Amino acid sequence: MSEAKPKSTPADGIRPRGNPKPRRGKSRRQGPRDQTSGEPGEEKPTPADAAPEVDGQAGPPPEAIEPDPQLTPEEAEQARKKYLLRRFWISGRGYWGRQGDKLAWPLTVGLLTLIVVNVGFQYGINVWNRAFFDAIEQRNVHTVYVLSAIFLPLVAGSVSLVIAQVYLRMTMQRRWRSWLTTSVIARWLPNGRYYQLNLVAGDHSNPEARLTEDLRIATESPVDFISGVIIATLSASTFIVVLWTIGGALSFTLGGSTFTVPGFLVITAVIYAAITSTSMVIIGRDFVRLSEEKNQSEAEFRYVLTRVRENGESIALLGGEEEERSGIDRTFAGVLKRWAQLTGQHMRTALVSQGSSLFAPVVPVLLCAPKFLEGSMSLGQVMQAASAFAIVQGAFGWLVDNYPRLADWNASARRIASLMMSLDGLERAEQSDELGRIKHGETEDGAMLSLDNLSVTLDDGSSVVKETKVEIEPGERVLVAGESGSGKSTLVRAVAGLWPWGGGNVNFHAGRRLFMLPQRPYIPTGTLRRAVAYPAAADKWTIKQIKAALDKVGLGYLTDRIKEEAPWDQTLSGGEKQRLAFARLLLHRPDIVVLDEATSALDEKSQDTMMMTVIRELPDVTIISVAHRAELEAFHSRKITLERREGGAKLVSDIDLVPRKRKRSLLKRALWGSGSGASNRG
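Throughout what follows, the structure given in this document is the object of discussion. (Residues numbered from 1 in each chain as written. Predicted model: local features only at pLDDT ≥ 70, side-chain atom pairs only at ≥ 80, totals over all residues. Heavy atoms only, no water.)

**Description of the packing of helix H6 (residues 264-283) against helix H11 (residues 379-396)**
Defined as follows: Axis definition: a line fitted to C-alpha atoms, limited for helices to the stretch in contact. Angles are taken between N-to-C directions and run from 0 to 180 degrees. Each helix corresponds to a stretch of at least 4 residues labelled H or I by DSSP, and each strand to a stretch of at least 2 residues labelled E; elements are numbered beginning at the N terminus. Crossing handedness is defined as follows: a turn of the near helix away from the far one that is anticlockwise and smaller than a right angle gives a left-handed crossing, while the clockwise case is right-handed. Here a residue-residue contact requires only that any non-hydrogen atoms of the pair lie within 4.5 Å. Charged residues are taken to be Asp, Glu, Lys and Arg, nonpolar residues to be Ala, Val, Leu, Ile, Met, Phe, Trp, Tyr, Cys and Pro, and polar residues to be all remaining types, Gly included.
Running from N to C, H6 and H11 point in directions that differ by 35 degrees, and their axes come no closer than 9 Å. H11 is crossed by H6, and the crossing has right-handed handedness. Along the contact surface, H6 presents Leu265, Thr268, Ala269, Val270, Tyr272, Ala273, Thr276 and Ser277, while H11 presents Ala385, Phe389, Val392, Gln393 and Phe396. Each residue belonging to the contact of H6 with H11 can be placed in one class, and the counts come to 9 nonpolar, 4 polar and no charged.

**Comments concerning the environment of alanine 548**
Mapped onto the elements of the fold, alanine 548 is located in helix H15 (residues 543-552). Separated by 39 residues in the primary sequence, alanine 548 and leucine 587 have C-alpha atoms spaced 9.4 Å apart.

**Considerations on the nonpolar core**
The following threshold applies: Residues belong to one nonpolar core when they are buried, are Ala, Val, Leu, Ile, Met, Phe, Trp, Tyr or Cys, and are joined through side-chain atoms within 4.5 Å. Only protein chains enter the accessibility calculation, which uses a 1.4 Å probe; a residue whose area is less than 20% of its type maximum is buried, one above 50% is exposed, and one in between is partly exposed.
Counting 69 residues, the largest nonpolar core has Phe88, Val184, Ile416, Leu449, Leu451, Val456 and Val506 as the members making the most contacts within it. If you tally residues by element for this core, the top one is helix H12 (residues 398-431), at 10 residues.

**Brief notes about the packing of helix H1 (residues 73-92) against helix H3 (residues 141-188)**
For any two helices packed against each other, the geometry comes down to the angle between their axes and how far apart the axes lie. What counts here: Each angle receives one of four descriptions, namely roughly parallel if under 35 degrees, roughly antiparallel if over 145, roughly perpendicular if within 65 to 115, and oblique otherwise.
In contact at an axis separation of 10 Å, H1 and H3 are set at 100 degrees when each is read in the N-to-C sense. As judged from the angle between their axes, H1 and H3 are roughly perpendicular. Judged by residue contacts, Arg87, Phe88, Trp89, Ser91 and Gly92 of H1 engage Trp176, Trp179, Leu180 and Arg187 from H3. Its residues assigned to classes, the contact of H1 with H3 comprises 5 nonpolar, 2 polar and 2 charged.

**A short note on a nonpolar patch on the surface**
As a reminder of what qualifies: Grouping into patches uses exposed residues only, defined as over 30% relative accessible area, and leaves out salt-bridged ones; the cut-off is 9 Å for like charges and 5 Å for nonpolar side chains (Val, Leu, Ile, Met, Phe, Trp, Tyr). Surface accessibility follows the Shrake-Rupley procedure with a 1.4 Å probe radius. Residue values consider only the protein chains on display as shielding. Definition used for salt bridges: Asp or Glu carboxyl oxygen within 4 Å of a side-chain nitrogen of Lys or Arg.
On the surface, Val162, Val166 and Met170 cluster together into a nonpolar patch covering about 230 Å² of accessible area. Here methionine 170 lies in helix H3. Under the relative-accessibility criterion, methionine 170 is labelled partly exposed at 47%.

**A few points about the packing of aromatic side chains**
For any pair of aromatic rings, the description rests on two quantities: the centre-to-centre distance and the angle between the ring planes. Using the following cut-off: Note on aromatic contacts: the rings of Phe and Tyr and the six-membered ring of Trp form a pair at centre separations within 6.5 Å, being stacked when their planes are under 30 degrees apart, edge-to-face when over 60 apart, and tilted otherwise.
Evaluated as defined, the whole model comprises 17 aromatic pairs. Aromatic side chains tyrosine 95 and tryptophan 179 sit 6.3 Å apart centroid to centroid with 65 degrees between the ring planes, which places their arrangement in the edge-to-face category. Taken together, the residues tyrosine 95 in the loop between H1 and helix H2 (104-137) and tryptophan 179 in helix H3 connect sequence positions 84 residues apart. When its relative accessible area of 0% is taken as the criterion, tyrosine 95 is described as buried.

**Notes on the pairing of strand S15 (residues 638-643)**
The following threshold applies: A pair of strands is considered paired only if DSSP assigns at least 2 bridges between the two.
For S15, a buried count of 5 out of 6 residues is recorded, marking the element as mostly surrounded by other parts of the structure. Note that strand S10 (residues 477-481) and S15 share 4 bridges and pair parallel. Across the sheet, the residue bridging to leucine 479 is lysine 639, located in S15.

**What about helix H13 (residues 488-496)?**
Burial analysis of H13 places 7 of its 9 residues in the buried class, the great majority of the element. Of the residues making up H13, those classed as buried are Lys488, Thr490, Leu491, Val492, Ala494, Val495 and Ala496. Positive phi shows up at glycine 497, right after H13, with a value of about 90 degrees.

**With respect to unusual backbone geometry**
Negative phi values dominate among residues other than glycine, just as trans dominates among peptide bonds. Here the amide bond leading from tyrosine 534 into proline 535 is cis, since omega sits at 10 degrees, within 30 degrees of zero. Secondary-structure assignment places proline 535 in the loop between helix H14 (528-533) and H15. The phi angle at arginine 139 is positive, at roughly 55 degrees, despite the residue not being glycine. The residue arginine 139 is located in the loop between H2 and H3 in this model.

This is the structure in structure tokens:
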């Protein structure tokens, strides 16, 4: 999968491949994304309580890029990781753009203002320290009482500012996450990209983990980091002046010579922070890599457990618990191994962090003790210097305390950026003909469906189905046959719009609706009523209508449970799920229906009953069936056969199964690789 970058230089290790082709006019999309599709161009309403707090606006994908061929594999990988962080910010910074959140800048400005004011309160408390301890040293009772009374408002003001600061910071994090999550999902769901990611190579496994935990960390941590850096910078700048003013110069005699060190407290604070920060960088140099590996292993562990839950019935029937346990143990062992490695890193960083926190309060007192004992520095100045030194050291040591979180953010941002880059590639493929894209449009001359020079390929260009021309008239029932692996299901997915790669056109009659019944119907969570109505809203049909549909497909015994919420995906058998899918078909009443092994879980008698029900209830519907059972020929008027060949499957026959009352003047047939153009038509 190609990567993306707005503008790149060879120094980055990644070079732009040129400007992408301009976007073509929006093609007419057909086909379902799970099982069905609604009216072309129709947008489904979203319940108000399910709407995100902030709507993200997805921009166009960045310019396509490719690695510099002069780089070694290791250098190319480093360049890729470096670009991943840039790719995250390409999308993430849109939160503050023209199409971003209207509260983004007010929250940002408000947070910065509170940070500045709070640093002012810190300075006020620092000055209060000096005055208070000077009063104690002088035994000035009145001043001690006055300063005690002043201290309460200072503390109350500082606490209030911190509380307000936490509110603004977390509100910004929540809204940024909402905006970016909505933006990525808005690019992940359309045009079946969430499905197509399973068909292409790239670093986008476990997208659900990337869209949840990784995206949460990727949006929370930067706000914490930036606000922390600003606080550290302002605090260090403010209290370095305090240290310089209070400490002054330190003179000492060495070897008969007198040396004077100006601003000795500042110099000590800088040296102390440099030592701790450098130690942290050296000790924690593997934090980023280990955090990435830990996050990936956690995602893989969640995926394995999810697979067991989703396929619980099959595993139980086969008695595969021991094998699944072995796989789970293997995956979990990887998680524990990564955690053990990360534990060592945390132990080493804790050594630096804890040691620094213990030494920091003592160092300034020891440095100021000689001046205090000789009387050139008061007790208040010593305590003020100690407080200022601790604040400066905390500011300089910000990296020491936050390096582990910085590494964790680095790993999460790269994972979400990898998903973005895979979506970039899919989106660019939709906008250009470079990779070969099946086009979707409208038929002419009244045909319900036409395949015009349609070819289906993999994303690497290898052919699955070769070019062909086929037209299907309204009301035809066409059976697509062929041995396993001949490309039948792939062809059906291309017709439904789920398989994007190839060439030629798939055209539908204008305004007609397509409905697809796969071999394994999708059963959503919730009530049985919702499951039957899917993908429409549960209340689109009355309970009476849904009961009637269930009765017609042999599920009348479930009508008393229509309002019941249950794990229907686990409760219903394979045959019951397929019957339920036919009930959906009767409710939606589409113009075209695609049956992809939709009766494979039914016995022969039930299959016949189901097909006769569809023909009786929907006499004008156009049917395209993929099936292996010869008995289904009785319910179809036409049969086309695919045969697996080297270089791609080939249409070898196209016959009528029932006599036709009139000549099909619009039918165009071309057999692949055949110069004769012969067709076996009955």
